[in-house]
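If you want the building blocks of each chain, they are given just below.
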Amino acid sequence: MIAALGGAGDQPALDVDGRTYTYAQLDRAIDEHGSDASVHDASELPLADALICVCAAARRGTAVIVENPGARPDRPEIPPSAFLLVATSGSTGRPRPLARTAASWYDSFPAFTAITGIEATDHVLITGPLHATMHLFGAVHALWRGACVTDDPSRATVVHAVPAVLRDVVGKAPKLRTAIVAGTALDDGARAVADGIEIVEYYGAAELSLVAARRVPEPLRLLDGVDADIRDGLLYVRSPYSVIGAPDWFGVGDLAELGDNGELTVRGRGESAINVGGTTVVAEDVERILETLDGIDAVAVVGSPHSVLGETVTAVVELDGTAEIADIRSRARRVLSKEAMPRRWVPIEALPRTASGKVARGRVRDWLA
């Protein structure tokens with residue numbers, strides 16, 4: 001089960017927040033975890049305490065919440081089979097609640113181990129908050145494997161990071177052997193910085209967990225048990241690792257091609273999804289929020305290429321003359337996360353529209369190119 005620790009005795013388990021635990025000490029801390037609640041909440045705990053809380057919930061067969069404390073979703077109910085309660089990024093201020101069973105992660109651990117080569121002797125560096133599920137997955141998998149979870153780059157032999165963070169980490173991690181990247185496509189700059197380090201790249205989504213993986217420079221391949229279909233150029237996935245309540249075929253929103261033997265080539269986001277440093281920002285959601293601000297008559301949100309983050313958000317706006325762009329930008333900053341906040345604002349007299357009156361986002365994108 002997911003609560004099983006892969007290490008024992010004096011093996012190092014945690015080296016985070018200036019605190020260290022052996023596996024024996026971690027096992028005892030999990031057993032002594034004080035909460036008898038039917039639902040645990042690790043969202044606002046320091047990293048070590050959060051991982052103890054997650055493991056305690058798993059051991060007791062209860063659910064555990066790991067959400068962004070500053071952007072919690074409305075969660076009307078908790079499915080009886082739920083173990084992990086997380087959320088989408090909330091980049092537009094409206095995170096969607098997700099719930100998954102323990103098996104939806106645990107069942108993928110053996111395949112993930114085979115792909116990454118993580119050993120019990122490794123120190124696995126986690127480079128982001130646990131409410132970002134790629135980091136929580138990496139930490140829980142490391143404990144299942146018997147490795148040591150750390151936040152100290154100088155001790156790390158393995159790192160989980162988005163490519164932009166990997167660029168910074170490599171110079172601080174002299175023992176680094178393997179870099180596991182996800183969240184956004186590996187760029188040439190990050191690949192060059194990590195020269196000499198084995199890079200494992202995986203592709204997935206919060207709703208699906210792992211979909212495909214590769215050892216660079218090999219092609220991405222679907223994990224065993226995962227099916228994919230291309231519909232009008234967009235990727236749909238059927239997976240045993242999906243969250244509770246996900247449709248049988250989940251539309252990821254990425255343009256992709258499917259080759260022989262499960263080879264997957266991801267070409268980029270669909271027109272409404274913008275990938276900002278590994279966070280998916282949905283254009284329509286940002287538009288709906290911006291259109292509630294005084295001074296804006298209509299808005300089209302598109303992604304603009306960025307050398308490090310992959311994309312950033314651009315807002316093309318029709319103004320009604322009652323407010324200046326500076327005032328609108330200031331108010332937008334209060335209701336949008338930093339990922340969803342437009343870096344570029346383009347006033348326009350009239351947005352192009354389709355025959356039905358909808359803003360033609362594709363024409364806006366072409367105009368900006």
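A quick note: this is a predicted structure, and the numbers were derived from the prediction, not measured.

A few points about the overall build of the chain
Phase 1: Within the chain one finds 10 helices and 22 strands.
Phase 2: A globule of 369 residues ought to have a C-alpha radius of gyration of about 21 Å, and the chain, at 21 Å, matches this closely.
Phase 3: Dimensions along the principal axes, computed over C-alpha positions, put the chain at roughly 70 × 45 × 40 Å.
Phase 4: Within the chain, the fraction of its 369 residues that count as buried is 50%.
Phase 5: Sequence-distant contacts in the chain: of pairs separated by 6 or more residues, those separated by 24 or more amount to 53%.
Phase 6: Accessible area for the chain stands at about 16,400 Å²; split by element, carbon and sulfur atoms hold 48% of it.
Phase 7: Across the chain, the 36 positively charged side chains and the 50 negatively charged ones have centroids separated by 2 Å.

Comments concerning the domain arrangement of the chain
Note on interface size: it is often stated as the accessible area lost on association of the parts.
Phase 1: Domain assignment breaks the chain into domain 1 (12-268) and domain 2 (273-368).
Phase 2: The gap between the C-alpha centroids of domain 1 and domain 2 is 30 Å.

Some thoughts on helix α9 (residues 325-335)
Phase 1: Those residues of α9 that sit buried are Ile325, Ile328 and Ala332. Viewed end-on, α9 has its buried residues packed into an arc of 60°, placing them on one side of the element. Of the residues in α9, the exposed ones pointing more than 90 degrees away from the buried face are Arg333 and Arg334.
Phase 2: Residues of α9 that are buried in the fold lie against α8 (283-290), β20 (296-306), β21 (310-319) and β22 (344-347).

Re the packing of helix α4 (residues 109-116) against helix α5 (residues 133-145)
Phase 1: The contact between α4 and α5 brings their axes to 11 Å, and the two run at 90°. Classed by the angle they form, the pair α4 and α5 counts as roughly perpendicular. Side by side, α4 and α5 meet where Phe109, Pro110, Phe112 and Thr113 of the first sit next to Phe137, Val140, His141, Trp144 and Arg145 of the second.
Phase 2: Among the residues making up the contact of α4 with α5, the classes are represented as six nonpolar, two polar and one charged.

Side note on unusual backbone geometry
Phase 1: Of note, the bond from valine 216 into proline 217 is cis; its omega dihedral lies within 30 degrees of zero at 15°.
Phase 2: Within the secondary structure layout, proline 217 lies in the loop between β12 (209-215) and β13 (220-222).
Phase 3: With phi around 60°, serine 209 is a residue other than glycine that occupies positive phi space.
Phase 4: The topology assignment puts serine 209 in strand β12.

A short note on the pairing of strand β5 (residues 84-87)
Phase 1: Side chains Leu84 and Val86 project from β5 onto one buried face, and the interleaved Leu85 and Ala87 project onto a second face that is buried too.
Phase 2: Note that strand β4 (residues 63-65) and β5 share two bridges and pair parallel. Looking at β5, one finds that valine 64 is bridged to leucine 84.
Phase 3: For β5 and strand β6 (residues 97-100), the ladder comprises four bridges, and the chain directions are antiparallel. By the bridge assignment, alanine 87 is partnered in β6 with proline 97.

Thoughts on the packing of aromatic side chains
Phase 1: In total, this model carries seven aromatic pairs according to the counting rule given.
Phase 2: With a centroid separation of 5.3 Å and 55° between ring planes, the pair formed by phenylalanine 109 and tryptophan 144 is classed as tilted. With phenylalanine 109 in helix α4 and tryptophan 144 in helix α5, the pair connects residues that are 35 residues apart, well separated along the chain.
Phase 3: Accessibility expressed as a relative area gives 0% for phenylalanine 109, which makes it buried.
Phase 4: Plain terms: the ring middles of phenylalanine 112 and tyrosine 202 are 5.8 Å apart, the flat faces sit at 85° to each other, and that makes the pair edge-to-face. With phenylalanine 112 in helix α4 and tyrosine 202 in strand β11 (residues 198-205), this residue pair connects regions lying 90 residues apart in the sequence. Like tyrosine 202, phenylalanine 112 is buried.
Phase 5: Taken together, the ring pairs in this structure connect Trp105, Tyr106, Phe109, Phe112, Phe137, Trp144 and Tyr202 into an aromatic cluster.
Phase 6: For arginine 231, the ring lying beneath its charged end belongs to tyrosine 236, and the centroid distance is 4.5 Å.

Brief notes about the pattern of salt bridges
Phase 1: Overall, the coordinates contain 19 salt bridges when judged by the stated rule.
Phase 2: With a shortest N-O distance of 2.8 Å, aspartate 27 and arginine 59 are connected by a salt bridge. With aspartate 27 in helix α1 (residues 23-31) and arginine 59 in helix α2 (residues 47-60), the pair connects residues that are 32 residues apart, well separated along the chain.
Phase 3: A relative accessible area of 32% means that aspartate 27 is categorised as partly exposed.
Phase 4: Of the residues examined, arginine 59 reaches a relative accessible area of 28% and is grouped as partly exposed.
Phase 5: The salt bridge partner of aspartate 227 is arginine 238, with a shortest N-O separation of 3.1 Å. Of this pair, aspartate 227 sits in strand β14 (residues 227-231) while arginine 238 sits in strand β15 (residues 234-238), placing them 11 residues apart in sequence.
Phase 6: It is possible to trace a salt-bridge network through shared partners that takes in Asp41, Glu44, Glu67, Arg72 and Arg75.

Conventions adopted
Residues numbered from 1 in each chain as written. Predicted model: local features only at pLDDT ≥ 70, side-chain atom pairs only at ≥ 80, totals over all residues. Heavy atoms only, no water. Helix = DSSP H or I, 4+ residues; strand = E, 2+ residues; numbered from the N terminus. Rg over C-alpha atoms; globule rule 2.2 N^0.38 Å. Buried < 20%, exposed > 50% of the residue type's maximum accessible area, 1.4 Å probe, protein only. Contact = heavy atoms within 4.5 Å. Areas by Shrake-Rupley, 256 points an atom, 1.4 Å probe, with all protein chains shown as cover. Lys, Arg positive; Asp, Glu negative; His and termini not counted. Charge placed at Lys NZ, Arg CZ, Asp CG, Glu CD. Domains from an automatic or database assignment. Arc of directions from axis to C-beta. Axes fitted to C-alpha atoms, helices over the stretch in contact; angles between N-to-C directions. Parallel < 35°, antiparallel > 145°, perpendicular 65-115°, else oblique. Nonpolar A, V, L, I, M, F, W, Y, C, P; charged D, E, K, R; others polar. Pairing = 2+ DSSP bridges. Phe/Tyr/Trp six-rings, centres within 6.5 Å; stacked < 30°, edge-to-face > 60°. Lys NZ or Arg CZ within 6 Å of the ring centre and 35° of its normal. Salt bridge = Lys/Arg side-chain N within 4 Å of Asp/Glu carboxyl O.

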